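Tertiary structure, described
The lines below spell out each chain.
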Amino acid sequence: MRPPRLLVAFALATSSVALVATPATAALGPPNANTAIGGLPAALLTGDVDGDDRPDVVAVGAAIDVHLSRGDGSPATGVSLSAGATDGVLGDVDGDGLLDLVTLENGGEVALRRGDGAGSFEPRSLVASADGERRSVRLADVTGDGADDLVVLRSAAPDTALDVRPGDGLGGFGAITTTTVPSAPRSFVLGPLDGDARADVVVVTAQGRADVAYATAAGGFSGRHTLLDTTSPLALAAALGDLDSDGASDDIALTRGDGCSLTVELRQPDGTFAGRDVASGTDCRDNEGPVVADFDGDGRDDVWASTRYMGVGAAGVAARSQVDETGLGDGQRAAAVDLDGDGRDDLVVTGTASPASGARLVVLPSRAQAGYILLDEVGASYQFGDSTSVAANLASWYGGATDLATSPAGGAAVLDASGGVWQGSQFSREEVVGFGRLYDGEGAVGLAYTPTGQGGWVFTSFGRVFPFGGAPFLGDMSAVALNGPVLDAVATPSGLGYYMVAADGGVFAFGDATFRGSMGSQRLNQPVESLVADPDGTGYWLVAADGGVFAFGAEFVGSLPGVLAPGPTLNAPVVGMVAYGNGYLMVGADGGVFNFSNLPFEGSLGADRPAVDIVALAEHRD
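Since we're looking at a predicted model, the values are computed, not measured.

1. Re the sheet that holds strand S39 (residues 444-449)
With respect to topology, 3 strands assemble into an open sheet ordered S39-S40-S41, the strand pairing being antiparallel. Across the chains shown, the open sheet's two edge strands, defined by having one partner strand only, are S39 and strand S41 (465-468). Mean inter-strand twist for the sheet, computed between neighbouring axes without regard to direction, equals 20°. Direction of pairing for strand S40 (residues 456-460) relative to S41: antiparallel, over a ladder of 4 bridges. Looking across to S41, one finds that Trp457 is bridged to Pro467.

Shown next, in the form of structure tokens:
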């Protein structure tokens, strides 16, 4: 996890609760900038062009318009240079630490404007004379020597090709190496895809096809193969990012020309294929394709496409989320950049709302949404922050509610002590464990979902596991005599494993869950109540009834014994903990909430204890 900015907020009045994870999500908008611009750009670029360590926006088209960041999310209009460009890219081609601008303009000329470090560019110098076959231009290290190379897409049947000119790091470019690409290319993206330092290429066409080729030290590309062929008349667009949280920006997001379909190609760091995920929707707009960025600040890349924001989980599963409309029509250009300095990428979009309004530049800020739901033993819920209500109204013959989980697919589910899961729009009960399958003294204590939200697991106090909705059975503790009852269980971020924790602090790992240690052999002041998996998949935390936290492979960010002055005690024991922002939340048995994270404290029930005990806390999700 990233080092936290610790915020401790709590209420010392408390009586009984269990927890489930509570990360923040994000929404985009409403706009905090909506500015008239001279015309629709051919390319929308981002980078620090004035040396103030804040990223700026450069719109490239009939003019080169620089919009300088003020740090408040609303860029100020800077210089405007005449260009007549059809494409452009920022990069430090001469090694002076300043961003330069390479453009494609005037019938296919390639021009270089060196950055002056003050928010503008020096007069252009010609890199290549006019060639009407040139379609787009990029900068990337194709040869692997550390200097950016010039890559130009040239399209004229039958000779459709990528031309690579190696950069010398001083602003010059060498001789051309040409590689043939599919006919009717629309655009291309560059980045390492096979585990080496060289930038490989994904070329997408106007006929719904995407090809991959791998860079060679000589500056060309080889091993070309078709990644996806939709046999559709709709063009594709592509972007690269780390969509499976493996630390490599080698995953490929492909959107259909109308923005209604997103295909995510997941790859291992060595370039081997790891899987595919597809999301689709309605109310789409034509635009130039996906934007990949970390919109919610969780360290994982997300995808924006055609007025829609898709949060991508640890396993690369795209969850569709409504985005505030830009008010712009088709033909949008978009880019992601943190314009307000909050650590989350904002979305900059250009387009035309109507012929009368002309071209506009709109900034949709990323807004963190934080919140949590508390559930009492009869199914009444208590909402804090951005969370939404849950209504189960469990009858006493089911043993009452024992856990609450929010699904990645949306909505929440309640677990009752008899092993039934209450979910769906009508909150109907699904008998997961089955009548008569629980032993005397055994109860259902934990509920966890797979990343798709279509299935999950019910965990019992005897350490048994009951999958539902197609989730795999990965093992349990049914053949082992436990020293204490299982009190909590969580799935790993990938959904390919799970952890259970017993009252004595023993931890049991299954599937891809990695055992990092436990308190099972240690003498405890208070029993362990909950286990929380670190969202980055590296480890987990345990919390005891006195609020003591034990970190195993995850960063310790505080505990109640560490912040309480000598003397004061909790009115009721801590009974659970969840991941929250870059830290965690604890909850007491009376609904008192204790926040160790960078997200705001949204309140608790500590001073207004409900008539019956709180039994669970769950996360907010869009």
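Picking up where we left off.
2. Description of the pairing of strand S14 (residues 149-154)
Summarising burial for S14: 6 of the 6 residues are buried, a large majority. Here S14 shows a buried face lined by Asp149, Val151 and Leu153 and a second buried face lined by Leu150, Val152 and Arg154. For strand S13 (residues 134-140) and S14, the ladder comprises 6 bridges, and the chain directions are antiparallel. Looking at S14, one finds that Arg134 is bridged to Arg154.

3. A closer look at the environment of Ala215
Examined against the element boundaries, Ala215 turns out to sit in strand S19 (residues 209-215). A relative accessible area of 5% means that Ala215 is categorised as buried. As a C-alpha pair, Ala215 and Thr143 span 72 residues in sequence and 7.1 Å in three-dimensional space. Those residues in contact with Ala215 that sit more than four places away from it in its chain are Val142, Arg198, Ala199, Asp200, Gly220 and Phe221.

4. Examining empty space enclosed by the protein
Over the atoms a probe the size of a water molecule is rolled, and this reveals where empty space is left. Estimated volume of the largest cavity: approximately 40 Å³. Lining the largest cavity are Thr179, Thr180, Val181, Pro182, Val201, Val203, Asp211, Val212, Ala213, Phe221 and Arg224. For the lining of the largest cavity, the elements supplying multiple residues, two or more each, are strand S16 (177-180), strand S18 (200-205), S19 and strand S20 (221-229). Element by element, the count of residues in the lining of the largest cavity is highest for S19, at 3 residues. Residue composition of the lining of the largest cavity, by class: 7 nonpolar, 2 polar and 2 charged.

5. What to know about the layout of surface pockets
Roughly 1,200 Å³ of volume is contained in the second largest pocket. Contributing to the lining of the second largest pocket are 36 residues, with Leu44, Leu45, Arg138, Val189 and Ala334 lying nearest its centre. If you list the elements that add at least two residues to the lining of the second largest pocket, you get strand S5 (43-47), strand S9 (85-91), S13, strand S17 (185-191), strand S21 (236-241), strand S25 (291-293) and strand S29 (333-337). Across the lining of the second largest pocket, the residue classes break down as 22 nonpolar, 8 polar and 6 charged.

6. Comments concerning unusual backbone geometry
Its identity is not glycine, yet Asp53 carries a phi of approximately 65°, on the positive side. Of note, the phi angle at Ala184 is positive, near 55°, even though the residue is not glycine. Assignment of secondary structure puts Ala184 in the loop between S16 and S17.

7. Observations concerning the side chain of Thr205
Its place among the elements puts Thr205 in strand S18. Among the polar contacts made by the side chain of Thr205, one reaches the main-chain amide nitrogen of Gln207 at a distance of 3.1 Å. Excluding anything up to four places from it in sequence, Thr205 contacts Pro182, Ser183, Ala184, Pro185, Arg186, Ala235 and Leu236.

8. Structural notes on the packing of aromatic side chains
With the rule as written, the count across this model stands at 12 aromatic pairs. Judged by centre distance (5.2 Å) and plane angle (75°), the rings of Phe459 and Tyr498 are edge-to-face. Here Phe459, found in strand S40, pairs with Tyr498, found in strand S43 (residues 497-502); they are 39 residues apart in sequence, far enough to count as distant. When sorted by exposure, Phe459 lands in the same class as Tyr498, which is buried. Counting every residue linked through ring pairs, the aromatic cluster contains Trp457, Phe459, Tyr498 and Phe510. Of note, Arg138 hangs over the ring of Phe188, and the distance from its end group to the ring centre comes to 5.3 Å.

Definitions and limits used
- Residues numbered from 1 in each chain as written.
- Predicted model: local features only at pLDDT ≥ 70, side-chain atom pairs only at ≥ 80, totals over all residues.
- Heavy atoms only, no water.
- Pairing = 2+ DSSP bridges.
- Helix = DSSP H or I, 4+ residues; strand = E, 2+ residues; numbered from the N terminus.
- Axes fitted to C-alpha atoms, helices over the stretch in contact; angles between N-to-C directions.
- Buried < 20%, exposed > 50% of the residue type's maximum accessible area, 1.4 Å probe, protein only.
- Contact = heavy atoms within 4.5 Å.
- 1 Å grid on protein atoms, 1.4 Å probe; cavity = no way out; pocket = protein on both sides within 12 Å on 5 of 7 lines; lining within 4 Å.
- Points joined across faces, edges and corners; volume = space filled by probe spheres on them.
- Nonpolar A, V, L, I, M, F, W, Y, C, P; charged D, E, K, R; others polar.
- Polar contact = N/O pair within 3.5 Å; in protein donor to acceptor, adjacent residues only side chain to side chain.
- Phe/Tyr/Trp six-rings, centres within 6.5 Å; stacked < 30°, edge-to-face > 60°.
- Lys NZ or Arg CZ within 6 Å of the ring centre and 35° of its normal.

This is a description of form; function is not addressed.
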